[in-house]
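Observations on chain architecture
If you want the building blocks of each chain, they are given just below.
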Amino acid sequence: MKVLVLGGAGYIGSQAVRALSARGHQVWVYDNLSMGHRQSVPSNQLIIGDLADQALLDHTLLLHQIEAVMHFAAFAYVGESVHHPDKYYQNNVVNTLHLFDALKRHHIRKIVFSSSCATYGIPATIPITEETQQHPINPYGRTKLIIEQALADYAQAYGWSYAALRYFNASGASADGSLGEDHTPETHLIPLVFHAIQGKIPYLEIFGDDYPTPDGTCIRDYIHVEDLASAHVLALEKLADRTHLKLNLGIGQGYSVKKVIETVEKITGKKVPIRISPRRAGDPPELIAAPAKAIRELNWKPRYIDLESIIETAWRWHRDHPNGYGKMSKS
């Protein structure tokens, strides 16, 4: 299949590009490199462009005779979305609707959409199933839910097939150590723990140790980025006519902030400097996926099912790439 991966030079998108190519699909990457890295994808597959550039998007879809798209091109900082909702609604909603218009013009009816467990907000029950009510508590989560709803409406009206994949905490790095996590700013827990032991930050800030959990810190479901990528490929290949999938992607096991720190210390042999700070508003005590539907519907089997194996791959990347992708110019 001829696939355009929007945001394909980013952390998860670049892994999906690799997984698609390994399955024999023809892949092109469309990325403005505001968050992605040109070093993470083959240069002959990269088209530098923004979703707001409808002329370039039209040209790309037509030139490469694209048959399906994967959409990762969203801003994804929860805190930033609270302070700058305009940025999030413009890119994550308005630009995505422009994309949908382009897909209509070119009669492309297959899309895999990068959604989020943030659409659930603070769930009433754990684990979270696909039937759990979606009540996002921040603009980021709301933008993802809006597009899920738009997808359902477009699919009904225009005969599209789609998969909306709601990830939990993406983590880890490629097994061969060549692709990893490099964000500026960094907000994810596991890389921040590494930054603390590497001296990039003075300490790891733990936001709250008084939650109603066994050790008082938040519990999250960490899913390896290669397992996320494989689920995207399987979802794409599952999209026959009028297929509509809404699936949770996690491993169904939660780990606390303190457990992550303990595991990093075990793997690296280094002590993590920490500081306890007050809770952040809106942080749920526990988020754990019920992934049974994705496993069943996609015949998907996550390879990394324990925290230690996930962190080992992440540490290999951060140890061997202390400056990430080198902070080379993105222009």
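First, a word on what this report is: a plain description of the structure on this page. Model, not experiment: these values are computed from the prediction. (Residues numbered from 1 in each chain as written. Predicted model: local features only at pLDDT ≥ 70, side-chain atom pairs only at ≥ 80, totals over all residues. Heavy atoms only, no water.)

It is worth spelling out the sheet that holds strand β9 (residues 219–220) at this point. Read across the open sheet, the 3 strands follow the order β12-β9-β14; overall the sheet is mixed. Of all strands in the sheet, those with a lone pairing partner are β12 (255–256) and β14 (286–287), marking the two edges. Where β9 meets β12, 2 bridges bridge the pair, whose relative direction is antiparallel. Directly across from arginine 220, in β12, lies its bridge partner tyrosine 255. (Pairing = 2+ DSSP bridges. Helix = DSSP H or I, 4+ residues; strand = E, 2+ residues; numbered from the N terminus.)

Within the secondary structure layout, glutamate 186 lies in the loop between β7 (169–171) and α6 (189–197). By relative accessible area, glutamate 186 is classed as buried at 13%. Within the structure, glutamate 186 has its side chain in polar contact with the side chain of histidine 183 (distance 3.3 Å). Once residues within four sequence positions are removed from consideration, glutamate 186 is found in contact with Glu181, Pro191, Leu192 and His195. (Buried < 20%, exposed > 50% of the residue type's maximum accessible area, 1.4 Å probe, protein only. Polar contact = N/O pair within 3.5 Å; in protein donor to acceptor, adjacent residues only side chain to side chain. Contact = heavy atoms within 4.5 Å.)

The next point concerns the packing of aromatic side chains. One pass over the full model with this rule turns up 8 aromatic pairs. An angle of 70° between the planes, with centres 5.5 Å apart, marks the rings of tyrosine 154 and tyrosine 158 as edge-to-face. Of the two residues, tyrosine 154 and tyrosine 158 are both situated in helix α5 (residues 139–158); the distance of 4 residues between them amounts to about one turn of the helix. Judged by its relative accessible area of 17%, tyrosine 154 is buried. A centroid spacing of 5.4 Å and a plane angle of 45° characterise the contact between tyrosine 154 and tryptophan 160, whose relative ring orientation is tilted. Here tyrosine 154 and tryptophan 160 have matching classes, each one buried. What links up through ring pairs into an aromatic cluster is the set Phe100, Tyr154, Tyr158 and Trp160. Its guanidinium or amino end placed over the ring of phenylalanine 75, lysine 87 lies 4.5 Å from that ring's centre, counting from NZ or CZ. Across from the ring centre of tyrosine 211, 4.1 Å away, lies the NZ or CZ of arginine 279, which sits over that ring. (Phe/Tyr/Trp six-rings, centres within 6.5 Å; stacked < 30°, edge-to-face > 60°. Lys NZ or Arg CZ within 6 Å of the ring centre and 35° of its normal.)

It is worth spelling out the nonpolar core at this point. The biggest cluster of nonpolar side chains holds 37 residues, and the ones touching the most others in it are Val5, Ile12, Leu20, Met70, Leu165 and Leu249. Put simply, the parts of the chain that give this core at least two residues each are β1 (2–6), α1 (11–22), β2 (26–31), β4 (68–71), β6 (161–167), α7 (225–238), β11 (244–249) and α9 (292–298). Looking at which element gives the most residues to this core, the answer is α7, with 7 residues. The contact partners of isoleucine 12, leaving out residues within four places of it in the chain, are Phe72, Tyr167, Ala170, Val225 and Leu228. (Core = buried A, V, L, I, M, F, W, Y, C linked by side-chain atoms within 4.5 Å.)

We now examine the sheet that holds β11. Across a sheet, paired strands are connected by hydrogen bonds in the backbone, their directions being either parallel or antiparallel. If you walk across this open sheet you meet the 7 strands as β3-β2-β1-β4-β5-β6-β11, and the pairing is parallel. Each end of this open sheet is capped by a strand with a single partner; those strands are β3 (46–48) and β11. Ignoring strand direction, the axes of neighbouring strands in this sheet form an average angle of 20°. Where β6 lies against β11, 6 bridges are found, and the strand directions are parallel. Bridge assignment links alanine 164 to a residue of β11, and that residue is lysine 246. Seen against the sheet, helix α2 (residues 54–63) touches β1, β2, β3 and β4 and runs at an angle of roughly 155° to β1. (Axes fitted to C-alpha atoms, helices over the stretch in contact; angles between N-to-C directions.)

Next up on the list: α2. Since the α-helix turns once every 3.6 residues, residues separated by three or four places project in the same direction. Buried within α2 we find Leu57, Asp58, Thr60 and Leu61. One side of α2 carries all its buried residues, which in axial view fall inside an arc of 165°. What points out from α2, more than 90 degrees from its buried face, is the exposed set Ala55, Leu62 and Leu63. Against β1, β2, β3, β4 and α4 (85–105) lie the buried residues of α2. Residue glutamine 65 follows α2 closely and has a positive phi angle near 50°. (Arc of directions from axis to C-beta.)

Attention shifts here to the pattern of salt bridges. Summed over all chains, the structure comprises 13 salt bridges. As a salt-bridge pair, arginine 23 and glutamate 237 come within 2.4 Å of each other at their nearest N and O atoms. Highlighted residues: arginine 23 in the loop between α1 and β2 and glutamate 237 in helix α7, separated in sequence by 214 residues. For arginine 23, a relative accessible area of 52% gives the class exposed. For glutamate 237, a relative accessible area of 34% translates into the label partly exposed. For the salt bridge of arginine 280 with aspartate 283, the shortest nitrogen-to-oxygen distance reads 2.9 Å. Taking relative accessible area as the criterion, arginine 280 reaches 44% and is therefore assigned partly exposed. (Salt bridge = Lys/Arg side-chain N within 4 Å of Asp/Glu carboxyl O.)

A word on α5. With 20 residues, α5 extends 28 Å from end C-alpha to end C-alpha; this agrees with the ideal 28 Å at 1.5 Å per step. In the core, the buried residues of α5 are packed alongside α3 (78–83), α4, β5 (110–116), β6 and β11. Of the residues one or two after α5, glycine 159 is the one with positive phi, at around 75°. (Expected span 1.5 Å × (residues − 1).)

The next subject is the packing of α2 against α4. Any two packed helices are characterised by how steeply their axes cross, that is the angle between the axes, and by the distance between the axes. Between α2 and α4, the least distance of the axes is 10 Å, while the angle of their chain directions is 40°. In the crossing of α2 with α4, the sense of the turn from one axis to the other is right-handed. Counting all contacts with α2, which are made through Gln54, Leu57, Asp58 and Leu61, the residues of α4 involved are His98, Leu99, Ala102, Leu103 and Arg105. Of the residues belonging to the contact of α2 with α4, the class tally is 5 nonpolar, 2 polar and 2 charged. (Left-handed = near helix turned anticlockwise from the far one by under 90°. Nonpolar A, V, L, I, M, F, W, Y, C, P; charged D, E, K, R; others polar.)

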